[in-house]
Amino acid sequence: MSTLDIKGLQVSVATEAGFTEILRGVDLTIKSGETHAIMGPNGSGKSTLAYSIAGHPKYTITGGSVTLDGADVLAMSVDERARAGLFLAMQYPVEVPGVSVTNFLRTAATAIRGEAPKVRTWVGEVKEAMKALNMDPNFAERNVNEGFSGGEKKRHEILQLELLKPKFAILDETDSGLDVDALRIVSEGVNRIKGNSDLGILLITHYTRILRYIKPDFVHVFAAGKIVEAGGPELADKLEEKGYAEYTTA
Amino acid sequence: MSTLTTNYLAPTGREEAWRFTPLSRVGGLLDATTAIEGIASVRITSNQPQVKLTVKSAQNLPAISISDDLATIRAREVISEVTHIEVAANAQLSEPLIMERAGLSGKPQASRTLISCGLNSHATIILNNAGDAILADEIEFDLAPGSNLTFISLQEWSAKAVHLSRQHAVISKDATFNSIVITVGGSLVRLLPTVEYSGPGSSADLQGLYFATDGQHLEHRLHVNHNVPNAKSRVNYKGALAGDKAHTVWIGDVYIRANAEGTDTYELNRNLLLSDGARADSVPNLEIETGEIVGAGHASTTGRFDDEQLFYLSSRGIPAEIARRLVIRGFFAEIVGKINNEEIENRLMDRIDSELAKVEA
Ligand SMILES: Nc1ncnc2c1ncn2[C@@H]1O[C@H](COP(=O)(O)OP(=O)(O)OP(=O)(O)O)[C@@H](O)[C@H]1O
Ligand SMILES: [Mg+2]
């Protein structure tokens with residue numbers, strides 16, 4: 001049983017006009033096996049929260065803490081965070097020209113597992129995971145995210161989630177850009193991974209559609225850089241109906 | 001051995017062609033008073049029955065092209081022998097022919113080579129440039145109609161080497177010249193991959209990679225002369241620079257002459273700056289004298305490491321150092337993959353990795 005603990009997190013980005021504060025004190029605790037959904041208007045800082053936990057250099061932490069089982073995540077380098085068990089499925093996965101998916105996955109798995117996976121079992125493992133996500137085997141030979149469609153990039157993120165087996169996964173709008181079938185396949189993938197492990201999930205989304213597949217234990221409303229309300233799955237339905245007006249005009 | 005010549009004028013550094021080159025470091029190769037030894041500097045290490053190597057007197061084997069390059073002019077003056085490599089007509093080489101340098105002394109030397117590809121022949125030649133040298137070097141390629149030559153020139157020189165080189169192809173009807181130039185070694189390398197055509201339907205694909213670290217000057221000056229109708233050219237050079245005072249120069253001159261209707265050309269140079277203090281000069285130049293062409297374009301970019309790529313890889317647990325290596329390998333993969341030889345590819349990538357590690361240390 002692990003705990004990811006976010007306390008009073010404040011984050012700024014450097015802009016031409018100086019530092020702009022984006023996160024204004026985020027408090028959130030996620031335990032293994034739990035699924036937390038975060039919903040909130042565009043620009044409210046959801047991706048900023050995700051990137052800050054993962055350690056993107058663009059964001060400056062100005063206050064608060066993030067700990068994983070007591071260990072100071074903010075003191076870790078980006079790769080250390082991943083090796084400690086954090087995974088971020090990105091809203092906009094990055095293209096890496098000239099680096100094949102196979103090479104990338106194997107290098108990542110080697111880093112995360114601390115040793116190179118055995119060639120024979122590894123090839124099967126990748127094939128199996130790709131098949132389960134309905135990915136064409138040809139993707140293995142293509143360059144990381146290069147020329148992938150939006151939906152293909154998202155599947156590739158979940159493929160990595162499956163192979164790297166983190167303790168906590170942050171899924172930043174993994175559902176955006178997926179067609180109905182892909183949404184089901186990807187959601188089933190996430191549920192399968194969850195079923196086989198004790199994965200804790202922070203799921204950022206704009207739509208209740210994905211929450212019909214991946215059932216959240218908690219739903220949080222995010223506005224202007226912090227969590228403004230928390231509740232159960234019923235909160236998502238209320239948001240779908242009424243929007244964010246009551247949180248943003250306050 | 002020749003010393004003083006009458007009609008040779010050393011460059012001053014003010015000439016357009018020499019304005020980037022540190023002339024104080026060319027080891028006397030351009031100095032009219034330096035003693036330069038003319039040698040036959042290449043040998044074939046993998047013999048193939050369809051290929052013949054003979055060393056001939058320069059009088060009997062004059063140059064097939066005109067050059068205003070001073071290093072070439074100097075080399076032509078001092079050599080008395082030319083190495084002639086002939087690929088037989090209709091030959092289909094199943095294995096690449098490996099060429100190495102011989103007789104390099106580390107003192108000023110010059111050499112001239114002619115590679116003739118017979119009618120409809122098909123060959124790959126790999127030239128390994130390694131060790132110490134101060135060499136002014138000309139290689140001409142005479143491609144008979146329908147022939148196809150892939151020439152891979154590997155500059156893996158030692159840290160002190162000086163190499164001034166012209167690699168000029170004359171491509172006749174329906175012939176294809178694929179040039180792959182890889183420059184990772186040497187103190188000063190100035191290499192001129194140049195192309196002219198002598199018949200329609202001809203095609204040139206010039207690919208290159210250079211990686212410069214501390215104090216290296218690596219210069220590639222391409223010149224494509226579209227002087228016949230319906231010929232094609234592609235140029236794609238990629239460079240990376242790391243460490244203080246690493247300097248690369250890439251010049252891409254493409255001329256489409258008035259009679260060169262139906263020309264199809266595109267040239268691209270991309271540079272990756274891995275540290276401050278390194279400098280990449282990139283000058284694409286396209287001159288078009290006829291509008292009746294299929295296409296003509298050029299692009300040049302010089303950028304820093306893509307932090308988003310590094311972040312993405314690191315966020316999957318890959319340590320920063322390995323992530324950097326992956327990105328650099330990825331950047332070069334497109335060119336290196338064209339060599340089609342795993343052993344050479346690995347050797348080059350290992351060298352790039354270790355040079356990079358030295359810079360980062
Ligand atoms: N480099 C930057 N300069 C200025 N503002 C920035 C910068 N980076 C992020 N921001 C701002 O920070 C705010 C939060 O952005 P973030 O991407 O976290 O929002 P989000 O909640 O994920 O939105 P969406 O739902 O559209 O994905 C936005 O207003 C954005 O414009
Ligand atoms: Mg976002």
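Please read all numbers here as calculations on a predicted model, not as lab measurements.

Colleague: Explanation requested: the overall build of chain B in the structure shown.
Modeller: Counting its secondary structure elements, chain B contains four helices and 19 strands. Relative to its length of 361 residues, chain B is compact, with a C-alpha radius of gyration of 20 Å against a globular reference of 21 Å. The principal-axis extent of the C-alpha atoms belonging to chain B is close to 65 × 50 × 45 Å. Classification of the 361 residues of chain B by burial places 57% in the buried group. For chain B, restricting intrachain contacts to residue pairs at least 6 apart in sequence, the fraction spanning at least 24 positions comes to 86%. Total accessible area on chain B is roughly 13700 Å²; 49% of this is exposed by carbon and sulfur atoms. Considering chain B, the positive charge centre built from 32 side chains and the negative charge centre built from 44 side chains are found 3 Å apart.

Colleague: What exactly am I supposed to notice about the pattern of salt bridges here?
Modeller: Oppositely charged side chains can form a pair if their charged atoms are brought close together. All chains considered together, the criterion is met by 35 salt bridges over all chains. Residue A:Arg83 is joined to A:Asp79 by a salt bridge in which the shortest nitrogen-to-oxygen separation is 3.0 Å. One end of the pair, A:Arg83, and the other, A:Asp79, are both in helix α2 (residues 78-84), four residues apart, so they sit about a helical turn from each other. Take A:Arg83: its relative accessible area is 35%, and that puts it in the partly exposed class. Among the salt bridges present, the one from B:Glu138 reaches B:Arg166, with a minimum N-O distance of 2.6 Å. Placement of B:Glu138 in strand β8 (residues 134-143) and of B:Arg166 in strand β10 (residues 162-171) is noted, with a sequence separation of 28 residues between them. Both residues of the pair, B:Glu138 and B:Arg166, belong to the buried class.

Colleague: Looking at this structure, I do not really get the coordination of the magnesium ion (ligand 2). What am I missing?
Modeller: Octahedral metal centres with six donors ideally show angles of 90 or 180 degrees, and tetrahedral centres with four donors ideally show 109.5 degrees. Residues and elements named next belong to chain A. Within the protein, Ser47 (OG) and Gln91 (OE1) serve as the donor atoms for the magnesium ion (ligand 2), at 2.0 to 2.2 Å. A residue pair is termed long-range when its members are at least 10 positions apart, and Ser47 in helix α1 (residues 46-54) and Gln91 in the loop between β6 (86-89) and β7 (96-100) qualify at 44 residues. In terms of burial, Ser47 and Gln91 fall into one category: buried.

Colleague: Sorry, what's going on with the site of ligand 1 here?
Modeller: Residue and element names in this part refer to chain A. Around ligand 1, 15 residues are found, and the nearest of them are Gly43, Lys46, Ser47, Thr48 and His206. In the environment of ligand 1, a nitrogen atom lies 3.5 Å from a nitrogen or oxygen atom belonging to the side chain of Lys58. Within the side chain of Gln91, an N or O atom sits 3.1 Å from an oxygen atom of ligand 1. For ligand 1, whose free accessible area comes to 640 Å², the fraction covered by protein is 65%.

Colleague: Honestly, the packing of aromatic side chains in this entry has me stumped. Any pointers?
Modeller: If you walk through the whole model with that rule in mind, you get eight aromatic pairs over all chains. Ring centres of B:Phe211 and B:Phe332 lie 6.5 Å apart, and the angle between their planes is 90°; on these two criteria the pair is classed as edge-to-face. Pair noted here: B:Phe211 is in strand β13 (residues 203-212) and B:Phe332 is in helix α3 (residues 320-336), with a separation of 121 residues, a long-range link. Each member of the aromatic cluster is reached from another via a ring pair, and the members are A:Tyr51, A:Tyr59 and B:Phe311.

Colleague: Hey, could you run me through the UniProt feature "domain: SUF system FeS cluster assembly SufBD core" (unreviewed entry) in chain B in this one?
Modeller: The positions UniProt marks with the feature "domain: SUF system FeS cluster assembly SufBD core" (unreviewed entry) are residues 107-331 of chain B. Secondary structure content for residues 107-331 of chain B is 9% helix and 61% strand, while the C-alpha to C-alpha distance between its ends is 36 Å.

Colleague: Just checking my understanding: could you explain helix α6 (residues 180-196) of chain A for this structure?
Modeller: All names here are of chain A. When the terminal C-alpha atoms of α6 are compared, their 24 Å separation across 17 residues agrees well with the 24 Å that a helix rising 1.5 Å per residue should span. On its buried face, α6 sits against α4 (119-132), α5 (150-164), β9 (168-172) and β10 (200-204). The N-terminus of α6 is capped by Asp179, whose side-chain oxygen sits 3.0 Å from the backbone nitrogen of Asp181.

Rules behind the numbers
- Every residue gets a number counted from 1 within its own chain, in the order that chain's sequence is written.
- Labels are handed out in written order, letters beginning with A for the chains and numbers beginning with 1 for the ligands.
- Since the coordinates come from a predicted model, pLDDT governs what is reported: local features require at least 70, and pairs of side-chain atoms require 80 or more to be given and counted, while whole-chain, interface and lining totals use all residues.
- Side-chain metrics in this entry use all non-hydrogen atoms of the structure; hydrogen atoms and water are not considered.
- Only DSSP runs of H or I with at least four residues qualify as helices, and only runs of E with at least two residues qualify as strands; both kinds are numbered from the N terminus onward.
- For the radius of gyration, the atom set is restricted to C-alpha positions; the globular benchmark scales as 2.2 Å times the number of residues to the power 0.38.
- Any residue under 20% of the maximum accessible area for its type is buried, any over 50% is exposed, and the rest in between are partly exposed; the area is computed with a 1.4 Å probe on protein chains only.
- In what follows, a contact means two residues having at least one pair of non-hydrogen atoms within 4.5 Å.
- The Shrake-Rupley method, run with a 1.4 Å probe, gives the accessible areas here. Residue values count only the displayed protein chains as cover.
- Asp and Glu count as negative and Lys and Arg as positive, but His and the ends of the chain are not part of the count.
- By convention, the charge on Lys lies at NZ, on Arg at CZ, on Asp at CG and on Glu at CD.
- Any Lys or Arg side-chain nitrogen located within 4 Å of an Asp or Glu carboxyl oxygen qualifies as a salt bridge.
- Here a donor is an N, O or S atom found within 2.8 Å of the metal, or within 3.2 Å if the metal is Na, K or Ca; sites may look incomplete because water is not among the atoms.
- Nearness is judged by heavy atoms alone; a residue qualifies as near a molecule or strand once a single heavy atom is within 4 Å of it.
- Whenever a nitrogen or oxygen atom comes within 3.5 Å of another N or O atom, the pair is scored as a polar contact, on the condition that within protein one atom can donate a hydrogen and the other can accept it, and that pairs from neighbouring residues in sequence are kept only if both atoms are in side chains.
- To pair, rings of Phe, Tyr and Trp, with the six-membered ring standing in for Trp, must have centres within 6.5 Å; the planes then decide the type, stacked if under 30 degrees apart, edge-to-face if over 60, and tilted in the middle.
- UniProt positions are given in the numbering used here, feature names are shortened, and annotations may be inferred rather than shown by experiment.
- By this rule, a helix spans an expected 1.5 Å times one less than how many residues it contains.

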